Structure formats: structure tokens, C-alpha cells
Amino acid sequence: MENKTAIRTNVIDYALDATQLSLDYALYFIQLTQDAQPRFYQWLARFNGLAVTPVKRSGDYLVLFPRKTQLTKIEGLKFTPVQFNQTGQAITETGKRFYWTHVAQLLLNQMSNQPVVQPQANLTAQLFISLSDWEHDDAFHEWKQRHALKVQFNWEGDLQLTVVTFTEDKERKPGTALYYWDAQRNWMRRSLNHQEKRLYQMGNGTNDKNLVNFLSFKELSVYEQSKVGVIDGLLKSLNQHNARYLKPGRQFRLATFPLLQDYRIKLQDKMIAWERLANQVIYVYADSTQKFTQTLAQKLVMMCQQSDQLAALNIRVILSDKAQLGLNIQVIRDARNNSDVTEAYEVGEPSQIIQHLTVENFGKLRGPRGNEEIKWQVPDNRDLAQDNAVIKIAQELAIKADLRKRRLASISRDLIQVTNQYQFFRFEYLEQQNDKATYPKITVTRLTCDCNGRLTIDHTLVDLQQPDLINEPAQVCSEVAVELGKGVSYPSAWATIDCVIQHGDQRVMITQTPRQLMPLVAELGARVASGDPSHMLEKTAIRQALQQLLELRLTKLKQESRQVDLLMESATDDQTWLSADDYVRQLMQIQKIMEDEFPIALTINDCYQKLKEHGVAFTGKIGMAINRDLECEFGFAFHRTTRQAKPYSLFNGFQKVGLLNIKGKFHYFVGSSQPLKEDFVRAIRLRELRVLQGDDQTILTIFPDLASMMMVEFVRNGQCTVTPYVVKYLKEYWKREQRLAKSTTKD
């Protein structure tokens, strides 16, 4: 039985049976030359290939065929028959290998996110799930686009979902990889002959990104279109259609791991950001060459001057024509992706602290070219000081002030004492003049603070070709390079490293991973369906369910009573049992409302609204119990039970900071301090902790301090930061150093 209190991740737990697979399938390892690539998929179709997946290097594939398939040679293609029990073994003279994750991908590629749909051969090398609502028009280019989720097992067995955009292709050039939408299976499939009515090429062609929410569970339809909903459907399909290939008692399921340490999140009120700026003046100025910057600056100042909360803290916001001594806000245009805009970003003098706002981002500049408008505004009857976007300005100004003064004035005394015990290192990959350089040059930024919060920050250029190992930053950088192995020469590998923290002679590296926290998916889907607001219920079914629930409650009350005989002698009916029970009283109230108000059939949402009008709530202990019992016994609920914490939560870990061990590697996650919401745009990612100097005990010892250094409200605006808050200071320091270097070069 699954442990419902453990932490669930996107690591997939399964065990395939090589003998059972061999009864139905033949497996081939295929190596291609570049010239054979265009003919490869037609060749697979000719021999009734079932599924194909790439194996590490471009041109190597693992292909699934029906059993007893006999292949014939083709120029530019070399194939090797392999057995399922050869996973992890060398299968060619050059030592090529395949693993169970490749076999699992071959099974996955034949699945739809709809379990009722039977598996079918799929000669697209990846699985692309694209739902019916995921098509849209690009009016400017007069083409259609469709986005999809690429679903794949990575080499560690994690199930990863990535959004991919497909753009309509009307030219149909020979040799181009084109795709079409299979509406029955919700697939984007590779076209073998380019004869389908509408074809797409992989790629976007615009700056607009297509997004798919990690999770939404307001109603069933939006749940099914979230990443979690797609995973739910695919896991059900895998288990339903591949049960005979799994070892006894095993399924494809989200792996669970016990918590080694966990901490409830406690944050200060984010409004404390303004208290740190009390009794100060903030000057707002704009790029005078742009009309939108002036407009936004004036609007911001006017609204700040109308703020009662800023007035109470004696924070004055003044419009200026240039940066002044002290705190400043510069309003500019975003020149990064707009050739029509001139870069106006000012670094400022050492005595000037400048936070930058762009009209496009903060000001929400929207509209067709030539008719753009600033859409940013604060809701009516709300003080500007409570606006999240404006609070973020205050937080950024406070951090920059700390850096300029080299003092942690924004940090509590207790947290300074924790921070004081550590050194922090961050790494910036420098572009190499020689692209083939094996060992790159890395800038290492380092931060320490004393017991009074005084900061020491510096940076060192490390040439990994000849590192100066007497220098501490070079030592740390060299240790990181060893951990990266062959990835040391790739900028993308260095970008996954958040920082290294040092405690005495012990060092731990924090790295990003594709792993993420997951809810109890199978049960979540069932609960979303049972409380789906649009689901229709018949009054007779509701009546029967309520009556049976009442009888079940009565039986339970009688069984639990220690005075059954005495009460039964004096009671002529069941009212003695019922009158004293809150659960029963609310249940009978629902029965009466149902008989008086409900039509013959109505939606769950209509039921909920009518009950709400008569004062019935499902947020209290009794209401939640009734709702949960209806769901368990009769398959429907008047209100969603998805966020209930009892008898167990479907979202274990989502509101904690926790440490766990996954396959011998330490990982941690940082949840939210806020109540569970029904929409998660992004997943909660797991980060790995790797020991550079020390042992496993090092991580167990430092993690409580690491957790406390992430429970700060000022980095992510009312949420915990996912790395020690000091990393934010290192990023801001290096950003300023780069800007200074850039401005010096211009001069």
C-alpha cells in the first residue's frame, strides 16, 4: 500500500519483466548515418515498427517491433538485435548501451493521455501530447500554431514534461521534419509522406511563449489540461495497457520518499519592507526621451503620495529629473528585445542606489504598435503600499542599500548569527574565445559576513586550465569542475549550480534538478472528478445517498455508545441518537433543503450554491466530514475536498521546507507559506545537495541553518527563497559589476 504521508516526486517507480516483453516484442539497436535519416521513418513503417526513441548520441535509436520481425539491410543503417535483459550491458563493439528508461519510453510513446484509447504504433521519436484546445491562430503571420507537452523519461527515470510549439508549414519542403495532429490520441505525429491536410514544423517563430500550468483543479476540464492531469492520464494508460509487462505487484507510479528533516514555514509580513525604508526619501526619475517612461513615473509618484501607509512611515516619494543621493527609482524602456529603444539604464554613483522599472514589465505596456497603453494600476480602495509589485521595489532597494553599505541592515540579528558561520560562492561562466577549450574561465564571487552583519564581497577570475590552488575561490571552483565532469566546458552545466556553501572545512554544492514535488496524483484526479462543479446529479440519487449516510451514522453512534441497552429501553425511535449529534443535524438540514429547493437534476455547483444560501458550509469540521463521506461512499461531493488536510493531505510537503534522500542523493524542496491555491503555474522544484568536502553527516548538520536562510520574505516577495538569501546578494553584486564594466568600456 502506498504511504500517503511520504513525499511524492516525478521520479517514476516501476519494474518491467524482460521475459514477458520478449513474448510480444523484438528490440533492435539502430545506428544511422546522416544520409540515412530522411529514409529512416519510412523504413520503420515498412517493417511495422511500433515505437522508436533516441539513445544518447544523435543517430542512435532503440526501436520496438512485433515479435519475430526480420529486418533487411539498408544503406547507411546498421542494426543490432538485442534482448530486454541486456539493459546496462555493452551491446556493440564500441560499448553502446541502453537502459530500462529507454524501454519504458518505448511503451510510453504508444500511450494516449486518455486511458480508454488503445495503444497504437507511434513512429515519432518523442511523445508529444497536444489537447484539442491547444491550437491558436497567429493573425499577423496568418498561420496556425499548436503547442504540446513533450513527455519523456530522462536518464535517471524522472518523467519530464516540456512545452513545445508547432507552427503551421505551408511549403512542405522535402526532407523537412513535419508533424500533424492526431485528434483521437491527442498526439503530434511525425508525417511520413507529407500528405495530411495541415502540417506543422517544430518551432515557434514568435516571441510569445505557450504555457501549460503545472496544476489546476478548480474543475475537471482544467485539471485534465494541466501537466499533472496529463501525467495522471498517462500513468493510468501505462498501467492499464501494460500490466502483463510489469513484475507482480508493481505499477508505474510516482516514487515516494520519507522526509529526513522538515520545517514549517514562518515568514515575516512582507509589509516589513516599507519599515526598512522609514523616514527616507525615494526619488523617481525617467528616461526623458520616451513618453511612456515619463507617464509611468508621474503615475507612480502620484499614487505613492496618496498612500496613507507610506505617510505613516514618513516615506516621501518625489519626482526628479535625475538620480539623487540615496534611494532612486529609474523608469526605462526594455531595450533587450527592442531595436527601436535606446539603452537608458544607469548604474549610478556609489552614493546613489537605483532600482530600475521597465514600462513593459512593471508598467504592463500593452496594445498594438502605435496605440500602446500602460495598464498597471492598483485596485480601488487598496493602498499602493500593499501592491505586490510595489512592495518588490522596496525589497530590491533595501537589498541594494545593504550591498552599497556592505552591511546586512535588512536581516534580523538571529539570522545574521546563522549566516556568519558560512562562506558563500557563486560561479559565472565566461564566454570562451576558443569554443573547443576544455577548461573554461570562471568568475567566482564570494560573500562572508561578521557577527555584526558587515559584508565582505569579492570576485576572482579562475582559469581552470591552470588554477591557482593556493587561492580559496580557485580551490572551490576546481572541486565544482570535478563534479561536473565532462560538462565542465558547457555554460549550461555551470548555470545549474546555484552556489557552494562552506562551513569550516566542509563544503556543499547546491544544484538545480528537473525533479519536482508532486501531489497524490491518482487520488487527486478522482477527487477533482467527484467535486467537478459542472457534473450533473439527479435528485433521487442525492436523496438516496443522504439517507444511506444518515443510516450509516446512526449505526456508528449506536456501536460507539457505552449505554446502548439503557438508551434503547427509553427511546421509542432514533431521535435520541440523532438530536445530540452535530453531524446528523447538519445532514438533516441538507436533506430538508434538498427536498424543498432542488429540481429533478442539477449540477454540483448549483447544489453548492443553494446549500450556501441556506447557511450550509463545508469549511468546518462537520461539513468537511459529510462532504468527504459522500465522496468516499457515493462518488460525489457538494464541494471539492482536494485541499482538506484530513485524514491526510494530497499535497504533502507543499507547505514545508524538507530534506529527503533520492537514490542515495540528498535533495531539498521549498514549499509555500500561503494556503494551498487551486492553480499552480509552476512546480515546486527539488535541488540537490552534493558534498564537496565532508560526508553525508555534513548535510544533515547544516540543513537546519540552510532552511532558516531560505525562510525570508524579501527575495521572492512574501515567499521563501529556494536558495540561501545570500545568493540574491551575490547575484545583485555581480550584476552591478558587469554594468560598471560595460559603462567603463563605453567611456
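Residues numbered from 1 in each chain as written. Predicted model: local features only at pLDDT ≥ 70, side-chain atom pairs only at ≥ 80, totals over all residues. Heavy atoms only, no water.

With respect to unusual backbone geometry
Moving on, step 1. For Asn-48, which is not glycine, the phi torsion reads 60 degrees and is therefore positive.
Moving on, step 2. Here Asn-48 is to be found in the loop between helix H2 (37-46) and strand S3 (51-54).
Moving on, step 3. Unlike most non-glycine residues, Asn-186 shows phi in positive territory, near 60 degrees.
Moving on, step 4. Relative to the helices and strands, Asn-186 resides in the loop between strand S10 (178-182) and strand S11 (187-190). (Helix = DSSP H or I, 4+ residues; strand = E, 2+ residues; numbered from the N terminus.)

Observations regarding the nonpolar core
Moving on, step 1. Core analysis: the biggest nonpolar cluster contains 70 residues, and Leu-16, Leu-62, Leu-64, Val-151, Leu-215 and Phe-252 have the highest contact counts within it.
Moving on, step 2. In terms of residues, this core owes the most to one element, helix H5 (residues 227-241), which gives 6 residues.
Moving on, step 3. If near-sequence neighbours (up to four positions away) are discounted, Phe-252 is found in contact with Ile-12, Asp-13, Tyr-14, Leu-16, Ala-104, Leu-107, Leu-235, Leu-238, Asn-239 and Leu-246. (Core = buried A, V, L, I, M, F, W, Y, C linked by side-chain atoms within 4.5 Å. Buried < 20%, exposed > 50% of the residue type's maximum accessible area, 1.4 Å probe, protein only. Contact = heavy atoms within 4.5 Å.)

A look at the sheet that holds S3
Moving on, step 1. Sheet architecture is open: 4 strands sit in the order S3-S4-S2-S5, paired in antiparallel fashion. For this open sheet the edge positions go to S3 and strand S5 (77-82), each flanked by a neighbour on one side alone. Direction aside, neighbouring strands of the sheet carry axes that sit 25 degrees apart on average.
Moving on, step 2. As paired elements, strand S2 (residues 25-32) and strand S4 (residues 60-66) share 7 bridges and run antiparallel to each other. Directly across from Tyr-25, in S4, lies its bridge partner Pro-66. (Pairing = 2+ DSSP bridges. Axes fitted to C-alpha atoms, helices over the stretch in contact; angles between N-to-C directions.)

With respect to empty space enclosed by the protein
Moving on, step 1. Counted according to the given criterion, the structure contains 2 cavities of 30 Å³ or more.
Moving on, step 2. There is about 70 Å³ of room inside the largest cavity.
Moving on, step 3. The wall of the largest cavity is formed by Trp-274, Ile-282, Val-284, Leu-300, Cys-304, Val-317, Ile-329, Val-390, Ile-393, Ala-394 and Leu-397.
Moving on, step 4. At 4 residues, the largest contribution of residues to the lining of the largest cavity is made by helix H9 (residues 388-405).
Moving on, step 5. When its residues are assigned to classes, the lining of the largest cavity shows 11 nonpolar, no polar and no charged. (1 Å grid on protein atoms, 1.4 Å probe; cavity = no way out; pocket = protein on both sides within 12 Å on 5 of 7 lines; lining within 4 Å. Points joined across faces, edges and corners; volume = space filled by probe spheres on them. Nonpolar A, V, L, I, M, F, W, Y, C, P; charged D, E, K, R; others polar.)

Observations regarding the sheet that holds strand S18 (residues 326-332)
Moving on, step 1. On the basis of which strands lie adjacent, the open sheet formed by 4 strands has the order S17-S16-S18-S19 and parallel pairing. Each end of this open sheet is capped by a strand with a single partner; those strands are strand S17 (316-319) and strand S19 (352-358). In this sheet, neighbouring strand axes are inclined to one another by 25 degrees on average, regardless of whether the strands run parallel or antiparallel.
Moving on, step 2. One ladder, built from 7 bridges, connects S18 with S19; its direction is parallel. Within the sheet, the bridge partner assigned to Asn-328 lies in S19 and is Ile-354.
Moving on, step 3. Against the sheet, helix H7 (residues 291-305) makes contact with strand S16 (281-286), S17, S18 and S19, and its axis sits at roughly 150 degrees relative to S17, the strand it touches most.
Moving on, step 4. Contacting S16, S18 and S19, H9 runs over the sheet at an angle of about 150 degrees to S19.

Examining the pairing of strand S29 (residues 656-662)
Moving on, step 1. Among the 7 residues in S29, 6 count as buried, and that is most of the element.
Moving on, step 2. Two elements, strand S15 (residues 259-264) and S29, share 5 bridges in a ladder whose sense is antiparallel. Each bridged residue has a counterpart across the sheet, and for Arg-264 the counterpart in S29 is Lys-656.
Moving on, step 3. Bridge analysis of S29 against strand S30 (residues 665-670) gives 6 bridges, and the strand direction is antiparallel. Looking across to S30, one finds that Asn-661 is bridged to Phe-666.
Moving on, step 4. Connecting the antiparallel pair S29 and S30 is a turn made up of 2 residues, with Lys-663 showing a positive phi of about 55 degrees.

Considerations on helix H20 (residues 696-708)
Moving on, step 1. Taken as a whole, H20 carries its principal kink of about 40 degrees at Ile-702; the proline Pro-704 stands between one and four residues after it.
Moving on, step 2. All of the buried residues in H20 are Thr-698, Ile-699, Ile-702, Phe-703, Asp-705, Leu-706 and Ala-707.
Moving on, step 3. The distance from a side-chain oxygen at the start of H20 to the backbone nitrogen of Gln-697 is 3.1 Å, and the residue carrying that oxygen is Asp-695. (Bend = angle between axes of the 7 residues up to and from the residue. Polar contact = N/O pair within 3.5 Å; in protein donor to acceptor, adjacent residues only side chain to side chain.)

Points about H2
Moving on, step 1. All of the buried residues along H2 are Gln-37, Phe-40, Tyr-41, Trp-43 and Leu-44. Each buried residue of H2 lies within a common arc of 160 degrees when the element is viewed along its axis, so the set occupies one face. More than 90 degrees from the buried face of H2, the exposed residues found are Pro-38 and Arg-46.
Moving on, step 2. In this structure, the buried side of H2 is in contact with S2, S3, S4, S5 and S11.
Moving on, step 3. Looking one or two residues beyond H2, the residue adopting positive phi is Asn-48, at roughly 60 degrees. (Arc of directions from axis to C-beta.)

Quick word on the packing of helix H14 (residues 539-560) against helix H17 (residues 582-597)
Moving on, step 1. The contact between H14 and H17 brings their axes to 10 Å, and the two run at 160 degrees. Accordingly, the angle class assigned to the pair H14 and H17 is roughly antiparallel. The chirality of how H14 crosses H17 is left-handed. Across the interface between the two elements, Lys-539, Ile-542, Arg-543, Leu-546, Gln-547, Leu-549, Leu-550, Arg-553 and Leu-557 of H14 pack against Tyr-583, Val-584, Leu-587, Met-588, Ile-590, Gln-591, Met-594 and Glu-595 of H17.
Moving on, step 2. A class-by-class count of the residues in the contact of H14 with H17 yields 11 nonpolar, 2 polar and 4 charged. (Parallel < 35°, antiparallel > 145°, perpendicular 65-115°, else oblique. Left-handed = near helix turned anticlockwise from the far one by under 90°.)

Structural notes on the environment of Leu-44
Moving on, step 1. Relative to the assigned elements, Leu-44 resides in helix H2.
Moving on, step 2. When the C-alpha positions of Leu-44 and Phe-65 are compared, they lie 8.9 Å apart, and in sequence the two are 21 residues distant.
Moving on, step 3. Sequence-distant contacts of Leu-44, that is, excluding residues within four places in its chain, are made with Ile-30, Gly-49, Val-52, Val-63, Phe-65 and Leu-123.

Brief notes about the packing of aromatic side chains
The relative placement of two aromatic rings is captured by the distance of their centres and the angle of their planes.
Moving on, step 1. Inspection of every chain in the model, using the stated rule, returns 26 aromatic pairs.
Moving on, step 2. Plain terms: the ring middles of Trp-43 and Phe-47 are 5.3 Å apart, the flat faces sit at 50 degrees to each other, and that makes the pair tilted. Per residue, the accessibility class of Trp-43 equals that of Phe-47, and both read buried.
Moving on, step 3. Here a set of aromatic residues connected by ring pairs shows up, and it is made of Tyr-28, Trp-43, Phe-47, Phe-65 and Phe-79.
Moving on, step 4. For the cation-ring pair, Arg-185 lies above Trp-187, with the distance from its terminal atom to the ring centre recorded as 5.9 Å.
Moving on, step 5. When the ring centre of Tyr-583 is taken as reference, the NZ or CZ atom of Arg-553 above it lies at 4.3 Å. (Phe/Tyr/Trp six-rings, centres within 6.5 Å; stacked < 30°, edge-to-face > 60°. Lys NZ or Arg CZ within 6 Å of the ring centre and 35° of its normal.)

Here we look at the state of the cysteines
Moving on, step 1. This structure, assessed with the given rule, holds 0 disulfides.
Moving on, step 2. This cysteine, Cys-477, is not joined by any disulfide, and Cys-499 carries the nearest cysteine sulfur, 14 Å off.
Moving on, step 3. Of the cysteine sulfurs around Cys-632, a residue in no disulfide, the closest is that of Cys-607, at 18 Å. (Disulfide = S-S within 2.5 Å.)

Here we look at the confidence of the model for the protein chain
Regions with low pLDDT should not have their predicted coordinates read in detail.
Moving on, step 1. Scored by pLDDT, the protein chain comes out at a mean of 90, with 95% of its residues at no less than 70.
Moving on, step 2. In the model, residues 562-572 has pLDDT below 50 throughout and makes 7 contacts with residues more than four positions away in sequence or in other chains. (pLDDT = per-residue confidence, 0-100.)

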